[in-house]
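So the chains spell out like this:
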Number of protein chains: 2
Amino acid sequence: MRVLVALGGNAMTGPDGSARPEDQIAAAEVAMASVADLVAEGADVVLTHGNGPQVGNLLVKNEISANVVPPVPLDWCGAQTQGTLGFILLNALERALVSRGVQRQAAAVVTRTLVDRHDSAFDEPTKPIGRYLSRADAEVLMQHGQTFEERGAKGWRRLVASPQPLEILDAGVVATLADCGYLVVANGGGGIPVVRGDDGTLHGVEAVIDKDLGAALLARCVAADRLLIATDVDAAILRYGKPDAEPIAEVTVDTMRKYAEEGHFARGSMGPKVEAICRFVEASGKPGVITSLTNIVPGVRGETGTIVVPRS
Amino acid sequence: MRVLVALGGNAMTGPDGSARPEDQIAAAEVAMASVADLVAEGADVVLTHGNGPQVGNLLVKNEISANVVPPVPLDWCGAQTQGTLGFILLNALERALVSRGVQRQAAAVVTRTLVDRHDSAFDEPTKPIGRYLSRADAEVLMQHGQTFEERGAKGWRRLVASPQPLEILDAGVVATLADCGYLVVANGGGGIPVVRGDDGTLHGVEAVIDKDLGAALLARCVAADRLLIATDVDAAILRYGKPDAEPIAEVTVDTMRKYAEEGHFARGSMGPKVEAICRFVEASGKPGVITSLTNIVPGVRGETGTIVVPRS
């Protein structure tokens, strides 16, 4: 069975959200223990990951050093995190496999995702990234074309476009390696966003791609039998935060779409995960799972978490 | 024919050595035009690259932002450049191939290189990296365990260990992809340096690996028929800088070793390239080439550059 496992960028930070290298390495060890358990059960795993906290740090470095070292655009920050997170996930996964006596090789691949340069997301950036700034600092950057939003007492925060992923351009590389028996880390941060110019050539673009929507697309490209989105809760919740809140267990994709339309899932957190799972299930006819990192193995077995199945 | 092409980190900077993103992209276009010409002739190409100027920038960002964002170690800087340079080389190479009507796919792989944690290079760091600092700034960092050297009027510069590459840990990934028809970008910066701990597990280590020595090792792992080191001169030179200076054309590896022992090649520039080529030729029995970026195609044909051949 081939499983696409999507980890949040927060799965590679410390308990307090800190993203020092040692925190990222320690968190990767924990995450890869669960993934190695799944591999030990015989699964082919393709692994993708978020990169929000990591890109946040890189943006701050860009800002602070801008007078001395040329800042790099947002797509480059994503590429940088594919390098570092690919590196530490490879090390941690191989370590976890060795300690389980599992003989499998892992690989990490630089992965680009095509978006439409006319995607309406570019007209109205909505995704908050980076640290909070003062009004004065934000105004300087707004004069350089960046979009900022006032977020109450904390200050101003940059908003960037989050366009729809259209094509995982390096999916063929991932599929080739998976078919050859490799466990593949790929499409970190949803993939490095690129657009196609009038002449057909590809160029990086300043945007962030939702890593779960990217994972859904990659899962179809590599013919995954399951898409599992690992998060910090055991399941998606109906009436979240209310007295009659209730976890969702097995559910058809039609019912899950209905729940989404009814507004059960928060826009910035569970919403995109549910959307990603629904897209995968509808397109592939295979189940999708939302559960916690520690429940990956029972989640793939369909024993825990929210299991979204095709319409019956 | 499979060719391992090694590009200097300077092949991805502006003419003045500047490493703004736009400079790196423009330089990558130029370099990939030459590589695409080679591919158009039917060669399988595995591509590796230096990262000195790029890592230099990342180190400066680390220093300047250290009070706000956690600095990342040198191995992570290398991983970051594998992400960004892999990204821009993929884009540029595909563009150059399309414009030549060549249908080949490219891939970029995160690549780790094993070094010996007891390598004597760790006792006496010799490789200068990063920017020049004042004595006062250098002294602060020396108290934190870094090694610095006074370099005359320009100031103080950090020295890091440059241990011998022992094994390209992800060479199997590169070979698999090359065998499946991909043009592969790999082992940037000589590979991300890792050491094996007492328990057999891998850990990143603060070091830089000579990218040409890494290239020589990778070339053998992927069974390359040629190792071509692309640099800014057309050939290695005997009696460099003297009135009777003379470019070296075809030469046996034994004679090239003799020239090296006689001190013809500068330690920090041509020396490691010659050493890398000799190691490849001795181990593989195949020719190695040192020539300029624009001479890649005739260089592989043996028509120009310094062609080092096995002992007859």
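Residues numbered from 1 in each chain as written. Chains lettered and ligands numbered in written order. Predicted model: local features only at pLDDT ≥ 70, side-chain atom pairs only at ≥ 80, totals over all residues. Heavy atoms only, no water.

Caption draft 1: Examining the interface of chain A and chain B more closely. Listed per partner, the contact involves 51 residues of chain A and 51 residues of chain B. On the chain A side of the contact with chain B, Lys61, Trp76 and Phe87 of chain A bury the most area, a combined 18% of that side's loss. For the pair chain A and chain B, the interface holds 2 salt bridges. Salt-bridge contacts for Arg112 of chain B lead to Glu94 of chain A; the nearest nitrogen and oxygen are separated by 2.9 Å. Of all the elements in the fold, those that place two or more residues in the side of chain A that touches chain B are helix 1 (21-40), helix 2 (52-64), helix 3 (74-99), strand 3 (106-108), helix 5 (171-179), strand 10 (192-196) and strand 11 (202-204) of chain A. In terms of residue count, the dominant contributor to the side of chain A that touches chain B is helix 3 of chain A (13 residues). In the side of chain A that touches chain B, the residues fall into 29 nonpolar, 14 polar and 8 charged. (Contact = heavy atoms within 4.5 Å. Buried area = accessible area lost by both parts, 1.4 Å probe. Salt bridge = Lys/Arg side-chain N within 4 Å of Asp/Glu carboxyl O. Helix = DSSP H or I, 4+ residues; strand = E, 2+ residues; numbered from the N terminus. Nonpolar A, V, L, I, M, F, W, Y, C, P; charged D, E, K, R; others polar.)

Caption draft 2: View of helix 5 (residues 171-179) of chain B. All names here are of chain B. The buried fraction of helix 5 is high, at 7 of 9 residues. Of all the residues in helix 5, the buried ones are Ala171, Val173, Val174, Ala175, Thr176, Leu177 and Ala178. Positive phi shows up at Gly181, right after helix 5, with a value of about 100°. (Buried < 20%, exposed > 50% of the residue type's maximum accessible area, 1.4 Å probe, protein only.)

Caption draft 3: Structural context of the relation of the copies chain A and chain B. Aligned on chain B, chain A shows an RMSD of 0.0 Å; the corresponding rotation is 180° and the shift along the axis is 0.0 Å. Both chain copies can therefore be described as sitting about a two-fold axis. When the interface residues of chain A are mapped onto chain B, 100% of them are again interface residues, pointing to one common binding face. (Least-squares fit on C-alpha atoms with pLDDT ≥ 70 in both.)

Caption draft 4: Molecular detail of the domain arrangement of chain A. Residue and element names in this part refer to chain A. For chain A, the assigned domains are domain 1 (2-207) and domain 2 (225-312). When each unit is reduced to the centre of its C-alpha atoms, the spacing between domain 1 and domain 2 is 22 Å. At the boundary of domain 1 with domain 2, total buried surface from both sides reaches about 1,200 Å², with 57% on carbon and sulfur atoms. There are 1 salt bridge connecting domain 1 and domain 2. Across the pair Arg301 and Glu41 runs a salt bridge whose closest N-O atoms are separated by 2.5 Å. Inspection of the domain 1/domain 2 interface yields 9 residue pairs in polar contact (both at pLDDT 80 or more). Taken together, the elements giving at least two residues each to the side of domain 1 that touches domain 2 come down to strand 1 (2-7) and helix 1. Ranked by the residues each element gives to the side of domain 1 that touches domain 2, the list is headed by strand 1, at 6 residues. Its residues assigned to classes, the side of domain 1 that touches domain 2 shows 9 nonpolar, 3 polar and 3 charged. (Domains from an automatic or database assignment. Polar contact = N/O pair within 3.5 Å; in protein donor to acceptor, adjacent residues only side chain to side chain.)

Caption draft 5: Region of the structure containing the pairing of strand 1 of chain A. Residue and element names in this part refer to chain A. Strand 1 sits mainly inside the fold: 6 of its 6 residues count as buried. Burial along strand 1 is two-sided: the face carrying Arg2, Leu4 and Ala6 and the face carrying Val3, Val5 and Leu7 are both buried. Bridge count between strand 1 and strand 2 (residues 44-49): 6 bridges; the pairing is parallel. Residue pairing across strands places Arg2 opposite Asp44, the latter belonging to strand 2. The parallel pair strand 1 and strand 2 is bridged by helix 1, and the resulting crossover is right-handed. (Pairing = 2+ DSSP bridges. Right-handed = clockwise from strand over helix to strand, strands pointing away.)

Caption draft 6: Broad picture of the sheet that holds strand 9 (residues 183-185) of chain B. Residues and elements named next belong to chain B. The mixed open sheet is built from 8 strands, whose spatial order is 3-9-2-1-12-16-17-15. The sheet is open, and its two edges are formed by strand 3 (106-108) and strand 15 (250-252), each paired on a single side. Averaged over all adjacent pairs, the angle separating strand axes in this sheet is 20°, with direction ignored. Pairing geometry for strand 16 (residues 288-292) and strand 17 (residues 306-309), over 3 bridges, is antiparallel. Its bridge partner lying in strand 17, Val289 is registered against Ile307. (Axes fitted to C-alpha atoms, helices over the stretch in contact; angles between N-to-C directions.)

Caption draft 7: Focus on the confidence of the model for chain A. Confidence along chain A averages 94 in pLDDT terms, with 100% of residues attaining 70 or more. As scored by the predictor, the complex reaches a pTM of 0.96 and an ipTM of 0.95. (pLDDT = per-residue confidence, 0-100.)

Caption draft 8: Main features of unusual backbone geometry. Residue and element names in this part refer to chain A. In this structure, Asn187 is a non-glycine residue whose phi angle is positive, near 60°. Along the chain, Asn187 falls in the loop between strand 9 (183-185) and strand 10. The exposure class assigned to Asn187 is buried, which follows from its relative accessible area of 0%. Phi is positive for Arg239, close to 55°, though the residue is something other than glycine. Along the chain, Arg239 falls in the loop between strand 13 (237-238) and strand 14 (246-247).

Caption draft 9: Broad picture of the sheet that holds strand 15 (residues 250-252) of chain A. Residue and element names in this part refer to chain A. One open sheet accounts for 8 strands, arranged 3-9-2-1-12-16-17-15; its pairing is mixed. Because the sheet does not close on itself, it has two edges, and the strands there are strand 3 and strand 15. Pairs of neighbouring strands in the sheet enclose a mean axial angle of 20°, with direction left out of account. Seen against the sheet, helix 7 (residues 253-261) touches strand 15 and strand 17 (306-309) and runs at an angle of roughly 90° to strand 15.

Caption draft 10: Here's a closer look at helix 3 of chain A. Residues and elements named next belong to chain A. Over its 26 residues, helix 3 runs 37 Å from end to end, which matches the ideal 38 Å to within 8%, given 1.5 Å per residue. Burial analysis of helix 3 places 24 of its 26 residues in the buried class, the great majority of the element. Just past helix 3, the residue Gly101 takes up positive phi, approximately 70°. (Expected span 1.5 Å × (residues − 1).)

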